[in-house]
Amino acid sequence: MSSENSSADDVQQVWDVVVVGAGPAGASAAYAAAVAGRSVLLLEKAELPRYKTCGGGIIGPSRDALPPGFELPLRDRVHAVTFSNNGRFTRTRRAKHMLFGLINRSEFDQQLVEHAQKAGAELRTGATVSRVEQHGSAVPDRRTVAVVLQSGETLLARAVVGADGSASRIGAHVGVKLDQVDLGLEAEIPVPETVAEDWKGRVLIDWGPMPGSYGWVFPKGDTLTVGVISARGEGAATKRYLEDFIARLGLAGFEPSIHSGHLTRCRADDSPLSRGRVLVCGDAAGLLEPWTREGISFALRSGRLAGEWAVRIAEAHDAVDTRRQALNYAFAIKAGLGVEMGVGKRLLSVFERRPGLFHAALTGFRPAWKAFKDITQGSTSLGDVVRNRRIAQRALAVLDGGPAGDGVGS
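Residues numbered from 1 in each chain as written. Predicted model: local features only at pLDDT ≥ 70, side-chain atom pairs only at ≥ 80, totals over all residues. Heavy atoms only, no water.

**Focus on unusual backbone geometry**
Between Leu48 and the following residue, Pro49, the backbone shows a cis peptide bond with an omega angle of -5°. Along the chain, Pro49 turns up in the loop between β2 (40-44) and β3 (57-58). Phi is positive for Phe89, which is not a glycine, with a value near 55°. By the secondary structure assignment, Phe89 is in strand β6 (residues 88-94). A relative accessible area of 48% means that Phe89 is categorised as partly exposed. (Helix = DSSP H or I, 4+ residues; strand = E, 2+ residues; numbered from the N terminus. Buried < 20%, exposed > 50% of the residue type's maximum accessible area, 1.4 Å probe, protein only.)

So, in C-alpha coordinates, the structure goes:
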(Lines give C-alpha, C1' and ligand atoms only; values in the text may rest on other atoms or scores of the structure.)
Protein backbone atom coordinates (compact mmCIF):
# COMPACT_ATOMS: atom_id res chain seq x y z
CA MET A 1 0.00 0.00 0.00
CA SER A 2 2.82 2.46 0.69
CA SER A 3 4.77 4.20 -2.05
CA GLU A 4 7.87 2.10 -1.27
CA ASN A 5 6.15 -0.94 -2.79
CA SER A 6 5.34 0.74 -6.09
CA SER A 7 7.64 0.80 -9.08
CA ALA A 8 9.62 3.91 -9.99
CA ASP A 9 7.28 4.54 -12.92
CA ASP A 10 4.21 4.73 -10.68
CA VAL A 11 2.91 8.04 -9.38
CA GLN A 12 3.69 8.44 -5.68
CA GLN A 13 0.74 7.58 -3.46
CA VAL A 14 -1.17 10.48 -1.94
CA TRP A 15 -2.75 9.52 1.38
CA ASP A 16 -6.09 11.08 2.22
CA VAL A 17 -4.93 11.74 5.79
CA VAL A 18 -1.51 11.48 7.42
CA VAL A 19 -1.56 11.63 11.23
CA VAL A 20 1.66 12.49 13.06
CA GLY A 21 1.91 10.95 16.55
CA ALA A 22 0.25 7.77 17.84
CA GLY A 23 -0.82 8.87 21.32
CA PRO A 24 -4.53 9.10 22.28
CA ALA A 25 -5.11 12.17 20.05
CA GLY A 26 -3.38 10.72 16.99
CA ALA A 27 -4.87 7.25 17.34
CA SER A 28 -8.35 8.78 17.73
CA ALA A 29 -7.84 10.96 14.64
CA ALA A 30 -6.58 8.00 12.62
CA TYR A 31 -9.53 5.88 13.76
CA ALA A 32 -12.09 8.58 12.88
CA ALA A 33 -10.62 9.13 9.40
CA ALA A 34 -10.23 5.40 8.70
CA VAL A 35 -13.80 4.60 9.81
CA ALA A 36 -14.94 7.15 7.21
CA GLY A 37 -13.29 4.92 4.59
CA ARG A 38 -10.28 7.12 3.82
CA SER A 39 -6.67 6.01 3.30
CA VAL A 40 -4.88 6.90 6.54
CA LEU A 41 -1.21 6.69 7.52
CA LEU A 42 -0.36 6.97 11.23
CA LEU A 43 3.27 7.93 11.93
CA GLU A 44 5.00 7.40 15.29
CA LYS A 45 8.65 8.16 16.03
CA ALA A 46 8.96 5.59 18.84
CA GLU A 47 8.43 1.85 18.76
CA LEU A 48 5.16 0.78 20.41
CA PRO A 49 4.32 0.14 23.18
CA ARG A 50 6.23 2.95 24.90
CA TYR A 51 6.15 4.57 28.37
CA LYS A 52 4.59 8.02 28.82
CA THR A 53 4.65 10.26 31.91
CA CYS A 54 0.96 10.37 32.79
CA GLY A 55 -1.18 9.72 35.86
CA GLY A 56 -3.40 7.56 33.66
CA GLY A 57 -6.79 8.58 35.04
CA ILE A 58 -9.68 7.78 32.67
CA ILE A 59 -12.68 9.98 33.54
CA GLY A 60 -16.19 9.81 32.07
CA PRO A 61 -15.56 12.11 29.07
CA SER A 62 -12.59 9.88 28.11
CA ARG A 63 -14.69 6.71 28.28
CA ASP A 64 -17.40 8.35 26.17
CA ALA A 65 -14.89 9.27 23.44
CA LEU A 66 -13.43 5.76 22.98
CA PRO A 67 -14.12 3.72 19.82
CA PRO A 68 -17.07 1.29 20.00
CA GLY A 69 -16.10 -2.03 21.56
CA PHE A 70 -12.97 -0.62 23.24
CA GLU A 71 -12.20 -2.56 26.43
CA LEU A 72 -10.29 -0.37 28.86
CA PRO A 73 -7.14 -2.09 30.21
CA LEU A 74 -7.94 -0.93 33.76
CA ARG A 75 -5.35 -1.43 36.50
CA ASP A 76 -7.76 -0.21 39.17
CA ARG A 77 -11.26 1.24 39.62
CA VAL A 78 -11.44 4.28 41.87
CA HIS A 79 -14.34 4.59 44.33
CA ALA A 80 -12.68 6.86 46.92
CA VAL A 81 -10.61 10.04 46.93
CA THR A 82 -8.46 11.17 49.84
CA PHE A 83 -7.85 14.93 49.80
CA SER A 84 -5.11 16.67 51.78
CA ASN A 85 -3.83 20.24 51.85
CA ASN A 86 -0.03 20.01 51.74
CA GLY A 87 -0.19 16.90 53.91
CA ARG A 88 -2.73 18.29 56.41
CA PHE A 89 -6.49 18.21 56.98
CA THR A 90 -6.78 14.77 55.34
CA ARG A 91 -10.27 13.56 54.49
CA THR A 92 -11.57 10.71 52.32
CA ARG A 93 -14.77 10.91 50.27
CA ARG A 94 -16.39 7.82 48.77
CA ALA A 95 -18.80 7.09 45.92
CA LYS A 96 -21.07 4.09 45.32
CA HIS A 97 -20.20 3.95 41.62
CA MET A 98 -16.75 4.07 40.05
CA LEU A 99 -15.43 7.63 39.83
CA PHE A 100 -12.77 6.87 37.24
CA GLY A 101 -10.45 4.12 36.06
CA LEU A 102 -6.65 3.93 36.08
CA ILE A 103 -4.58 2.72 33.13
CA ASN A 104 -0.95 2.43 32.07
CA ARG A 105 -0.47 4.65 29.03
CA SER A 106 1.70 2.12 27.20
CA GLU A 107 -1.15 -0.44 27.18
CA PHE A 108 -3.90 2.12 26.57
CA ASP A 109 -2.13 3.82 23.65
CA GLN A 110 -1.22 0.49 22.06
CA GLN A 111 -4.85 -0.64 22.19
CA LEU A 112 -6.08 2.64 20.65
CA VAL A 113 -3.61 2.24 17.79
CA GLU A 114 -4.80 -1.34 17.22
CA HIS A 115 -8.39 -0.06 16.93
CA ALA A 116 -7.26 2.50 14.33
CA GLN A 117 -5.47 -0.27 12.41
CA LYS A 118 -8.56 -2.51 12.53
CA ALA A 119 -10.54 0.42 11.08
CA GLY A 120 -8.07 0.49 8.16
CA ALA A 121 -5.31 2.91 9.19
CA GLU A 122 -1.72 1.93 8.35
CA LEU A 123 0.92 2.38 11.09
CA ARG A 124 4.58 3.23 10.64
CA THR A 125 6.76 3.35 13.75
CA GLY A 126 10.30 4.68 13.95
CA ALA A 127 9.22 7.51 11.62
CA THR A 128 10.27 10.98 12.81
CA VAL A 129 8.72 13.91 10.98
CA SER A 130 11.12 16.81 10.50
CA ARG A 131 8.66 19.20 8.80
CA VAL A 132 5.57 19.63 6.67
CA GLU A 133 5.45 21.72 3.48
CA GLN A 134 2.35 23.16 1.81
CA HIS A 135 4.22 25.03 -0.95
CA GLY A 136 7.39 24.42 -2.94
CA SER A 137 8.94 21.78 -5.15
CA ALA A 138 7.99 18.83 -2.90
CA VAL A 139 4.30 19.69 -3.23
CA PRO A 140 2.78 18.65 -6.59
CA ASP A 141 -0.40 20.76 -6.31
CA ARG A 142 -2.41 22.97 -3.99
CA ARG A 143 -4.49 20.06 -2.70
CA THR A 144 -1.43 18.28 -1.30
CA VAL A 145 0.78 18.54 1.79
CA ALA A 146 4.31 17.09 1.87
CA VAL A 147 5.34 15.36 5.11
CA VAL A 148 9.12 15.18 5.20
CA LEU A 149 10.69 12.50 7.42
CA GLN A 150 14.07 12.76 9.13
CA SER A 151 15.23 9.94 6.84
CA GLY A 152 14.69 12.24 3.85
CA GLU A 153 11.62 10.40 2.58
CA THR A 154 8.65 12.57 1.59
CA LEU A 155 5.05 11.41 2.03
CA LEU A 156 2.11 13.15 0.39
CA ALA A 157 -1.32 13.77 1.90
CA ARG A 158 -4.55 15.65 1.20
CA ALA A 159 -4.75 16.54 4.91
CA VAL A 160 -2.39 16.27 7.88
CA VAL A 161 -3.26 15.97 11.57
CA GLY A 162 -0.55 16.99 14.03
CA ALA A 163 -0.83 14.98 17.25
CA ASP A 164 2.87 14.90 18.05
CA GLY A 165 2.72 15.99 21.67
CA SER A 166 3.52 19.10 23.64
CA ALA A 167 6.80 19.83 21.80
CA SER A 168 5.03 19.50 18.45
CA ARG A 169 6.79 20.13 15.13
CA ILE A 170 3.38 20.35 13.48
CA GLY A 171 2.22 22.78 16.17
CA ALA A 172 5.19 25.01 15.31
CA HIS A 173 4.17 24.89 11.62
CA VAL A 174 0.60 25.88 12.50
CA GLY A 175 1.83 28.62 14.88
CA VAL A 176 0.34 27.29 18.13
CA LYS A 177 0.69 29.83 20.96
CA LEU A 178 0.90 28.73 24.59
CA ASP A 179 0.13 30.76 27.68
CA GLN A 180 0.55 28.22 30.50
CA VAL A 181 3.40 25.75 30.84
CA ASP A 182 3.64 23.37 33.79
CA LEU A 183 6.16 20.78 34.91
CA GLY A 184 4.92 17.34 35.95
CA LEU A 185 7.26 14.94 37.77
CA GLU A 186 6.37 11.33 38.38
CA ALA A 187 7.69 8.16 40.01
CA GLU A 188 6.43 4.63 39.37
CA ILE A 189 6.92 2.87 42.72
CA PRO A 190 6.56 -0.93 42.99
CA VAL A 191 5.19 -1.77 46.47
CA PRO A 192 4.57 -4.94 48.51
CA GLU A 193 1.12 -6.51 48.46
CA THR A 194 0.22 -5.15 51.91
CA VAL A 195 0.87 -1.56 50.79
CA ALA A 196 -0.89 -2.08 47.45
CA GLU A 197 -3.94 -3.42 49.28
CA ASP A 198 -4.15 -0.26 51.41
CA TRP A 199 -4.40 1.89 48.25
CA LYS A 200 -6.71 -0.35 46.21
CA GLY A 201 -9.65 1.59 44.78
CA ARG A 202 -8.53 4.88 46.34
CA VAL A 203 -6.48 7.82 45.06
CA LEU A 204 -4.89 10.68 46.96
CA ILE A 205 -4.97 14.30 45.78
CA ASP A 206 -2.78 16.70 47.76
CA TRP A 207 -2.96 20.47 47.21
CA GLY A 208 0.69 21.49 47.10
CA PRO A 209 2.91 24.17 48.64
CA MET A 210 3.48 26.27 45.47
CA PRO A 211 0.62 28.27 43.90
CA GLY A 212 -1.38 26.04 41.53
CA SER A 213 0.53 22.87 42.46
CA TYR A 214 -0.86 19.52 43.53
CA GLY A 215 0.26 15.91 43.94
CA TRP A 216 -1.40 12.54 43.38
CA VAL A 217 -1.14 8.85 44.16
CA PHE A 218 -2.76 6.54 41.63
CA PRO A 219 -2.69 2.80 42.46
CA LYS A 220 -2.15 0.34 39.60
CA GLY A 221 -1.96 -3.13 41.08
CA ASP A 222 1.48 -3.68 42.56
CA THR A 223 2.71 -0.20 41.52
CA LEU A 224 1.81 3.28 42.75
CA THR A 225 2.08 6.18 40.32
CA VAL A 226 3.10 9.16 42.47
CA GLY A 227 3.39 12.57 40.85
CA VAL A 228 3.30 16.33 41.34
CA ILE A 229 2.74 19.27 39.00
CA SER A 230 3.36 23.00 39.23
CA ALA A 231 4.22 25.99 37.06
CA ARG A 232 7.40 25.70 35.00
CA GLY A 233 10.28 27.71 36.42
CA GLU A 234 9.86 26.11 39.86
CA GLY A 235 11.88 23.01 38.95
CA ALA A 236 13.87 22.66 42.19
CA ALA A 237 10.84 23.35 44.38
CA THR A 238 8.72 20.88 42.35
CA LYS A 239 11.39 18.19 42.76
CA ARG A 240 11.53 18.88 46.50
CA TYR A 241 7.73 18.69 46.70
CA LEU A 242 7.77 15.21 45.08
CA GLU A 243 10.54 14.01 47.45
CA ASP A 244 8.73 15.36 50.53
CA PHE A 245 5.41 13.96 49.29
CA ILE A 246 6.86 10.45 48.82
CA ALA A 247 8.54 10.59 52.25
CA ARG A 248 5.37 11.83 53.94
CA LEU A 249 3.44 8.90 52.44
CA GLY A 250 5.94 6.44 53.92
CA LEU A 251 7.07 5.34 50.46
CA ALA A 252 10.67 6.63 50.55
CA GLY A 253 12.00 3.14 51.33
CA PHE A 254 10.76 1.70 48.02
CA GLU A 255 12.90 2.04 44.90
CA PRO A 256 11.01 3.63 41.96
CA SER A 257 11.18 1.63 38.72
CA ILE A 258 10.82 4.84 36.68
CA HIS A 259 11.47 8.53 37.36
CA SER A 260 10.18 10.87 34.65
CA GLY A 261 9.21 14.43 33.88
CA HIS A 262 7.01 16.13 31.33
CA LEU A 263 5.98 19.67 30.38
CA THR A 264 2.27 20.29 29.85
CA ARG A 265 1.31 23.26 27.70
CA CYS A 266 -2.05 25.07 27.48
CA ARG A 267 -2.98 27.05 24.35
CA ALA A 268 -3.60 30.79 24.39
CA ASP A 269 -7.21 31.75 23.58
CA ASP A 270 -6.26 33.09 20.15
CA SER A 271 -3.94 30.21 19.24
CA PRO A 272 -4.63 28.75 15.76
CA LEU A 273 -5.83 25.16 15.36
CA SER A 274 -5.00 24.89 11.66
CA ARG A 275 -2.95 26.22 8.78
CA GLY A 276 -4.01 25.35 5.26
CA ARG A 277 -4.60 21.60 5.12
CA VAL A 278 -2.91 20.93 8.46
CA LEU A 279 -4.87 20.56 11.73
CA VAL A 280 -3.54 20.12 15.28
CA CYS A 281 -5.18 18.36 18.24
CA GLY A 282 -4.40 17.14 21.76
CA ASP A 283 -1.16 18.30 23.39
CA ALA A 284 0.14 19.50 20.00
CA ALA A 285 -2.67 22.09 20.00
CA GLY A 286 -2.21 22.92 23.71
CA LEU A 287 -5.59 21.38 24.52
CA LEU A 288 -5.90 20.30 28.14
CA GLU A 289 -7.78 21.32 31.26
CA PRO A 290 -5.77 24.20 32.81
CA TRP A 291 -6.57 23.54 36.48
CA THR A 292 -6.09 19.77 36.77
CA ARG A 293 -3.96 19.57 33.58
CA GLU A 294 -6.08 16.54 32.59
CA GLY A 295 -5.21 15.81 28.98
CA ILE A 296 -6.43 12.34 27.99
CA SER A 297 -10.10 13.30 27.52
CA PHE A 298 -9.04 16.42 25.60
CA ALA A 299 -6.75 14.31 23.40
CA LEU A 300 -9.43 11.71 22.64
CA ARG A 301 -12.16 14.25 21.94
CA SER A 302 -10.06 16.69 19.89
CA GLY A 303 -8.43 13.78 18.03
CA ARG A 304 -11.79 12.42 16.95
CA LEU A 305 -12.90 15.87 15.74
CA ALA A 306 -9.59 16.40 13.93
CA GLY A 307 -9.96 13.05 12.15
CA GLU A 308 -13.51 13.85 11.08
CA TRP A 309 -12.57 17.30 9.79
CA ALA A 310 -9.37 16.05 8.13
CA VAL A 311 -11.63 13.86 5.98
CA ARG A 312 -13.58 16.96 4.90
CA ILE A 313 -10.37 18.89 4.21
CA ALA A 314 -9.03 15.94 2.18
CA GLU A 315 -12.16 16.26 0.02
CA ALA A 316 -11.88 20.05 -0.33
CA HIS A 317 -11.04 21.12 -3.90
CA ASP A 318 -9.86 24.67 -3.27
CA ALA A 319 -8.44 26.99 -0.62
CA VAL A 320 -11.84 28.54 0.18
CA ASP A 321 -13.45 25.18 0.98
CA THR A 322 -10.35 24.10 2.93
CA ARG A 323 -10.53 27.28 4.99
CA ARG A 324 -14.24 26.79 5.65
CA GLN A 325 -13.70 23.22 6.93
CA ALA A 326 -10.73 24.31 9.09
CA LEU A 327 -12.86 27.08 10.64
CA ASN A 328 -15.63 24.55 11.34
CA TYR A 329 -13.08 22.36 13.12
CA ALA A 330 -11.90 25.32 15.22
CA PHE A 331 -15.51 26.19 16.06
CA ALA A 332 -16.26 22.60 17.16
CA ILE A 333 -13.19 22.60 19.41
CA LYS A 334 -13.90 25.99 20.95
CA ALA A 335 -17.62 25.32 21.51
CA GLY A 336 -16.85 22.24 23.64
CA LEU A 337 -13.30 21.93 24.88
CA GLY A 338 -12.70 25.69 24.69
CA VAL A 339 -15.55 26.39 27.11
CA GLU A 340 -14.17 23.81 29.56
CA MET A 341 -10.69 25.37 29.27
CA GLY A 342 -12.12 28.82 30.01
CA VAL A 343 -13.75 27.54 33.22
CA GLY A 344 -10.56 25.65 34.10
CA LYS A 345 -8.49 28.84 33.78
CA ARG A 346 -10.82 30.65 36.18
CA LEU A 347 -10.65 27.74 38.64
CA LEU A 348 -6.85 27.65 38.44
CA SER A 349 -6.67 31.38 39.13
CA VAL A 350 -8.78 30.97 42.27
CA PHE A 351 -6.97 27.76 43.30
CA GLU A 352 -3.57 29.48 43.04
CA ARG A 353 -4.72 32.08 45.56
CA ARG A 354 -6.93 29.99 47.83
CA PRO A 355 -6.12 26.26 47.80
CA GLY A 356 -7.52 25.86 51.30
CA LEU A 357 -10.91 27.03 50.13
CA PHE A 358 -10.97 24.35 47.44
CA HIS A 359 -9.96 21.77 50.02
CA ALA A 360 -12.68 22.87 52.44
CA ALA A 361 -15.31 22.81 49.66
CA LEU A 362 -14.43 19.36 48.31
CA THR A 363 -14.17 17.77 51.75
CA GLY A 364 -17.01 19.54 53.55
CA PHE A 365 -19.49 21.01 51.05
CA ARG A 366 -21.75 18.41 49.45
CA PRO A 367 -22.54 20.28 46.17
CA ALA A 368 -18.80 20.69 45.46
CA TRP A 369 -18.15 16.98 46.00
CA LYS A 370 -21.22 16.13 43.86
CA ALA A 371 -19.87 18.32 41.02
CA PHE A 372 -16.45 16.60 41.28
CA LYS A 373 -18.16 13.20 41.22
CA ASP A 374 -20.45 14.07 38.29
CA ILE A 375 -17.53 15.38 36.21
CA THR A 376 -15.29 12.36 36.82
CA GLN A 377 -18.15 9.92 36.22
CA GLY A 378 -19.05 11.73 32.99
CA SER A 379 -22.63 12.81 33.70
CA THR A 380 -21.62 16.46 33.26
CA SER A 381 -18.64 18.62 32.28
CA LEU A 382 -16.79 21.46 33.97
CA GLY A 383 -18.39 23.89 31.50
CA ASP A 384 -21.90 22.56 32.17
CA VAL A 385 -21.46 22.75 35.95
CA VAL A 386 -20.69 26.47 35.76
CA ARG A 387 -23.27 27.12 33.02
CA ASN A 388 -26.19 25.26 34.59
CA ARG A 389 -25.69 25.40 38.35
CA ARG A 390 -26.43 28.77 39.86
CA ILE A 391 -24.55 28.00 43.06
CA ALA A 392 -21.38 27.35 41.02
CA GLN A 393 -21.82 30.60 39.09
CA ARG A 394 -22.25 32.59 42.29
CA ALA A 395 -19.29 30.91 43.98
CA LEU A 396 -16.99 31.56 41.01
CA ALA A 397 -18.12 35.18 40.72
CA VAL A 398 -17.39 35.78 44.42
CA LEU A 399 -14.03 34.00 44.25
CA ASP A 400 -13.00 35.72 41.00
CA GLY A 401 -13.48 39.07 42.66
CA GLY A 402 -12.57 38.00 46.16
CA PRO A 403 -9.47 39.27 47.95
CA ALA A 404 -6.31 37.24 47.61
CA GLY A 405 -5.41 35.24 50.65
CA ASP A 406 -4.51 31.89 51.96
CA GLY A 407 -8.07 30.71 52.42
CA VAL A 408 -9.20 28.05 54.85
CA GLY A 409 -6.45 26.02 56.45
CA SER A 410 -3.71 26.87 53.97
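**Re the environment of Leu72**
Counting through the fold element by element, Leu72 comes out in the loop between α2 (60-64) and β4 (76-78). Taking the C-alpha atoms as reference, Leu72 lies 9.2 Å from Leu102; in sequence the two are 30 residues apart. Excluding residues within four positions of it along the chain, Leu72 makes contact with Ile58, Arg63, Leu66, Ile103, Phe108 and Gln111. (Contact = heavy atoms within 4.5 Å.)

**Focus: the sheet that holds β4**
Read across the sheet, three strands follow the order β3-β7-β4 without closing on themselves; strand pairing throughout is antiparallel. Two strands bound the open sheet, and with one partner strand each, they are β3 and β4. Note: β3 against strand β7 (residues 100-102), two bridges, orientation antiparallel. Counted as the bridge partner of Ile58 is Gly101 from β7. (Pairing = 2+ DSSP bridges.)

**Structural notes on the nonpolar core**
Core analysis: the largest hydrophobic core is formed by 70 residues, its most contacted members being Val18, Leu43, Phe108, Val147, Val160 and Tyr329. Sorting elements by how many residues they give to this core places helix α7 (residues 296-315) first, with 11 residues. When neighbours within four sequence positions are excluded, Phe108 is seen to be in contact with Pro24, Ile58, Leu66, Phe70, Leu72, Pro73, Ile103, Ile296 and Leu300. (Core = buried A, V, L, I, M, F, W, Y, C linked by side-chain atoms within 4.5 Å.)

**Regarding the pattern of salt bridges**
Tallying each qualifying case throughout the model produces 17 salt bridges. The salt bridge partner of Arg248 is Asp206, with a shortest N-O separation of 3.1 Å. You can see Arg248 sitting in helix α6 (residues 235-248) and its partner Asp206 sitting in strand β13 (residues 202-207), a full 42 residues away along the chain. Relative accessible area serves as the criterion here: at 0%, Asp206 is assigned to the buried category. Between Glu243 and Lys239 there is a salt bridge whose closest N-O contact spans 3.2 Å. Of this pair, Glu243 and Lys239 both sit in helix α6, four residues apart, roughly one helical turn. By relative accessible area, Glu243 is classed as partly exposed at 44%. One salt-bridge network, held together by shared partners, links Arg50, Arg105 and Asp109. (Salt bridge = Lys/Arg side-chain N within 4 Å of Asp/Glu carboxyl O.)

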